[in-house]
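Analysis of the macromolecular model
The lines below spell out each chain.
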Amino acid sequence: MTFIFGLLFHIICINCKRVKIYDDERALIKGLAANDFEATETIYRENYPAIEAFIIKNNGVHDDARDVFQEAMIILFERVQSGDFELTSLIKTYLYSVSRRIWLKKLQKLNRQYPAMENVSEIVAVEDQIESHDKVSQDLDMMQKSLEKMGEPCKSLLEAFYLQKKSMPEIAAAFGYTNADNAKNQKYKCLLRLKKIFFSQYKN
Amino acid sequence: MEENILLDAIERYRNGEMSSEEKTYFEDLRKQNSEIDQVAAEHLFFLNEFDKFRKVNEFKHTLNEVESKLESEGLISTNPNKGKAKIINLWTKYRRTIAVAACIAGVVSLSTASLVSRYSVNKKSEAITPLVDNKLHQMEHKINQMENKLNDATTAIAKKPKFEANFRATGFLADGSGYLITNAHVVDKAKNLIVENTKGEQFTAVPVYSNATTDLAILKITDTTFKKINSLPYTFLKATAELAEPVFTMGYPREEVVYGEGYLSAKSGFYGDTSSYQISISANPGNSGGPVINRNGEIIGIISSKETNADGVVFAVKSRNIYTALKEVRANNDIAIKLPQVNNLKGLDRVHQIKKIEDFIYKVKGN
C-alpha cells in the first residue's frame, strides 16, 4: 500500500516538475517579450556559461562568446515578438542551437578550424530562423542608416515621437517650436523624408 | 496637407485610437479607394519596421545592462587586451590551427630535408643541365679550328691568341664600356676567358663578379682593342615578368648565333626557386648566359639551365638579380656599372630588334 502511494506520489511529482518547468519557461518567454530586465537576466544567467564553454572550446574567446550569445538572445527576442512563437524546445536548447549555428558560420567565414560534431541530439533546427534574423537585422540597419542620413533636427524629432513616445506638446517645448501643431507639421515633413530614404534603400 | 491627415489617420487606426464609427469609415475608404489603400499599406509596413527597430534597440539596451551587471558579478569574463594576455588569447584562439600548422611544418621540413640532401648532390649533375657546351671536340673542334683559321685569314684581327677552348656559352653586354653578363657556372672553373661578338672580334675577359647562388657572373673585357659602345639598345626589367609573356633569346649553341622563341611558363624556377623563371624555349648547351628578352626589348632573365629529362623546360635567372649583383660589385670592388636606361627596341618588329641586339651578344669561350 505504501509502495503504491509512493509510486503515485512519485508520478505526480514528475508531472508537477514538468509543469513547473513549462510554466517557468513560459513566464520567462513572456517576460522576455515584454523586455523585462529580470527575465532577461535569468535567461542570461542560466544559459551563458554553457555557450561560453562551447565557444571557448571551439577556438573562440570570451568576446566571441558575448557577441554570439547576444545575437542568439536577439533572435529569441525577435521570435517571441512575432506572436506565432511556440516554445517547441527548452530555452536552453534553443539558445544553444542558435549560438552553435552562428558560431559555426563565423568559423567557416574565418576559415578557422571547424569543430567536430558533438551532442547533435540536443539540437533543434534553427537555420531558417537565423536566416530570417539576418534579413531583419539588415532591415534594421537600413532604418538606422536612413535615420543617420536624415540628419538633425529630423532624427531627434522622429526618435522623440516614435521611439521615446513623447507627446507633441513635450516635443514642441524640447525642440523650441511655438506650438504642438508646428512640431507636428515638422514631424510629418521629417517622416516623409525618412520614408523616402528608407524605401529607396529598401527597393534596392 | 491631405496626406498628413491621411498618415495621421493611419497612425490613429494602428494605435487603436479611433472610435468604432471612424474605424468602419476608414476601412470602407480603404476598400473603395485603392490609392488610399496603397498609402495606408505602405505606411503601416513602415511603422511596423520602425516599431521593430525600436523594440530591438530597447532590448539591446536591456541586454547590455544585464551584461554589465553579470560582468560585475564575475559571471561574464572579458578579454584582457594588454601585453602577454593578448598573446595568450591569440594562442587559445588559434592553438588548433597552430598545432596543425606545426605538424605540417614538421612533415614538410623533414621531407624537404631529405629532398635537399637528395638533390643537392645531384641537382647540377642530374636533374638539370647547365647549358654550357663543353663537348667541343671531334668534328666540332675541327670545325672550330677551321673557322678560327678562316677568321684568321679573312678578318683583320690582330694578335689573336692561340686559344684552345673547351667550353662555349653566351654572354651579353650590360655596359658599353665592356662589362658582360653571363652565368657563374660558365666562368667559375675557367682559367682563361675569351669573348667573341658576331663580327668575330675576340677579346680577353676576366670575371669581376661571380655568385654561384644566383648563377650570375659579370665579366670585364680587358683588351684595349675593345671600343666603347655608347648605347645599348635593350634595357633590364626590374619587376617580375608576366606569366605567358612571349620571350626570345639569342645564344651560341652553335658557333653561329642562334635565335629562339618561347614563353614564360612559370614565375619560379627549379623546385620553386623564386630567383629564377621557368621558360618554355628550345635551349641547348651553349645557350647558358644568353639574355631572355620580352617583346618590348627588355631583358627579363638570363638562361642558366634546363631540366634534363624534359624538353623545353629551361630556367632563367631573373633580371632583378642583376641589379643586386651590380650593387655588390659597386660595394665590394668599387666598380660602377651603368645599365642602359633607354630602350630602342620597343615597337620594332622582331627582325629589326634582332639586328640591333645581335652585335652585343657574345660568345664566351674558355679553358
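Residues numbered from 1 in each chain as written. Chains lettered and ligands numbered in written order. Predicted model: local features only at pLDDT ≥ 70, side-chain atom pairs only at ≥ 80, totals over all residues. Heavy atoms only, no water.

For the rest of this paragraph, the subject is the overall build of chain B. Within chain B, the secondary structure is distributed over eight helices and 14 strands. For chain B, with 367 residues in total, the buried portion stands at 43%. For chain B, the share of sequence-separated contacts (at least 6 apart) that also reach a separation of at least 24 residues comes to 66%. Put simply, chain B shows about 19,900 Å² of open surface, and 53% of that area lies on carbon and sulfur atoms. (Helix = DSSP H or I, 4+ residues; strand = E, 2+ residues; numbered from the N terminus. Buried < 20%, exposed > 50% of the residue type's maximum accessible area, 1.4 Å probe, protein only. Contact = heavy atoms within 4.5 Å. Areas by Shrake-Rupley, 256 points an atom, 1.4 Å probe, with all protein chains shown as cover.)

Further remarks concern the sheet that holds strand β14 (residues 361–366) of chain B. The antiparallel closed barrel is built from six strands, whose spatial order is β2-β3-β6-β5-β4-β14 (chain B). Along the sheet, successive strands turn relative to each other by an average axial angle of 40°, direction set aside. (Pairing = 2+ DSSP bridges. Axes fitted to C-alpha atoms, helices over the stretch in contact; angles between N-to-C directions.)

All right, on to the packing of helix α2 (residues 37–57) of chain A against helix α4 (residues 91–110) of chain A then. All names here are of chain A. Look at α2 against α4: their axes get within 10 Å of each other, and the N-to-C directions meet at 35°. Regarding α2 and α4, the two cross each other, and that crossing is right-handed. When α2 is examined against α4, the residues Ile43, Asn47, Ile51, Phe54 and Ile55 are found in contact with a partner set consisting of Ile91, Lys92, Leu95, Tyr96, Ser99, Arg100 and Trp103. (Left-handed = near helix turned anticlockwise from the far one by under 90°.)

Before going further, it helps to examine the nonpolar core. Core analysis: the largest hydrophobic core is formed by 73 residues, its most contacted members being A:Leu32, A:Tyr44, A:Met73, A:Leu95, A:Val98, B:Phe46 and B:Phe50. When residues of this core are assigned to their parent elements, the largest contribution, 12 residues, is made by helix α3 (residues 34–73) of chain B. Excluding anything up to four places from it in sequence, B:Phe50 contacts A:Met143, A:Leu147, A:Tyr162, A:Leu163 and A:Leu194. With 50 residues, the next largest nonpolar core counts B:Ala169, B:Leu216, B:Ile293 and B:Leu339 among its residues. (Core = buried A, V, L, I, M, F, W, Y, C linked by side-chain atoms within 4.5 Å.)

Attention now goes to the environment of A:Arg100. Residues and elements named next belong to chain A. Assignment of secondary structure puts Arg100 in helix α4. On the basis of relative accessible area, Arg100 is assigned to the buried category, the value being 8%. In this structure the C-alpha to C-alpha distance between Arg100 and Ile55, which are 45 residues apart in sequence, comes to 8.0 Å.

It is worth spelling out the state of the cysteines at this point. Residue and element names in this part refer to chain A. A full pass over the atoms with the stated rule returns one disulfide over all chains. The partner cysteine of Cys154 in its disulfide is Cys190, sulfur to sulfur 2.1 Å. One disulfide, between Cys154 and Cys190, carries an S-S torsion of -80° and so falls in the left-handed class. One end of the pair, Cys154, is in helix α6 (residues 154–163); the other, Cys190, is in helix α8 (residues 180–202), and 36 residues separate them in sequence. Cys154 gets classed as buried once you look at its relative accessible area, which sits at 5%. (Disulfide = S-S within 2.5 Å.)

Let's shift gears to the interface of chain B and chain A. Taken together, the contacts link 45 residues of chain B with 50 residues of chain A. Buried surface at the junction of chain B and chain A, both sides included, amounts to about 4,700 Å², of which 62% is carbon and sulfur. Our enumeration of links across chain B and chain A arrives at five salt bridges. In this structure, the salt-bridge partner of B:Glu11 is A:Lys187, at a minimum N-O distance of 3.6 Å. The interface formed by chain B and chain A contains nine residue pairs in polar contact (both at pLDDT 80 or more). Of all the elements, α3(B) adds the most residues to the side of chain B that touches chain A, at 27 residues. Tallied by class, the residues present in the side of chain B that touches chain A amount to 16 nonpolar, 10 polar and 19 charged. (Buried area = accessible area lost by both parts, 1.4 Å probe. Salt bridge = Lys/Arg side-chain N within 4 Å of Asp/Glu carboxyl O. Polar contact = N/O pair within 3.5 Å; in protein donor to acceptor, adjacent residues only side chain to side chain. Nonpolar A, V, L, I, M, F, W, Y, C, P; charged D, E, K, R; others polar.)

A pair of packed helices is captured by two measures, namely the crossing angle of their axes and the spacing between those axes. With their axes 11 Å apart at the nearest point, helix α3 (residues 62–81) of chain A and α3(B) run at an angle of 135° to one another. What the angle tells us is that α3(A) and α3(B) run oblique. Taken as a pair, α3(A) and α3(B) cross one another with a handedness that is right-handed. Of α3(B), the residues touching α3(A) (which contributes A:Arg66, A:Gln70, A:Met73, A:Ile74, A:Phe77, A:Glu78 and A:Gln81) are B:Lys55, B:Val56, B:Phe59, B:Lys60, B:Leu63, B:Asn64, B:Glu67 and B:Glu71. Considered class by class, the residues forming the contact of α3(A) with α3(B) number six nonpolar, three polar and six charged. (Parallel < 35°, antiparallel > 145°, perpendicular 65-115°, else oblique.)

What follows concerns the confidence of the model for chain A. Across chain A, the average pLDDT comes to 77, with 77% of residues at or above 70. Note on residues 116–122 of chain A: pLDDT under 50 across the span, and seven contacts to partners over four residues away in sequence or across chains. (pLDDT = per-residue confidence, 0-100.)

What follows is about the side chain of B:Asn197. All names here are of chain B. Among the secondary structure elements, Asn197 is positioned in the loop between β4 (193–196) and β5 (202–211). Of the polar contacts made by the side chain of Asn197, one reaches the side chain of Glu201; its length is 2.6 Å. Discounting residues that sit within four places of it in the chain, Asn197 has contacts with Phe203, Tyr252, Asp359, Ile361 and Tyr362.

Let us now look at the pairing of β5(B). Residue and element names in this part refer to chain B. Both β4 and β5 contribute to a ladder of three bridges, which runs antiparallel. Across the sheet, the residue bridging to Ile194 is Thr204, located in β5. Between β4 and β5, which follow one another and run antiparallel, lie five residues, and Gly200 among them has a positive phi close to 90°. In textbook terms, the turn of a hairpin is the stretch between consecutive antiparallel strands, and for β5 and strand β6 (residues 216–221) this stretch comprises four residues, one of which, Asp215, has a positive phi near 60°.

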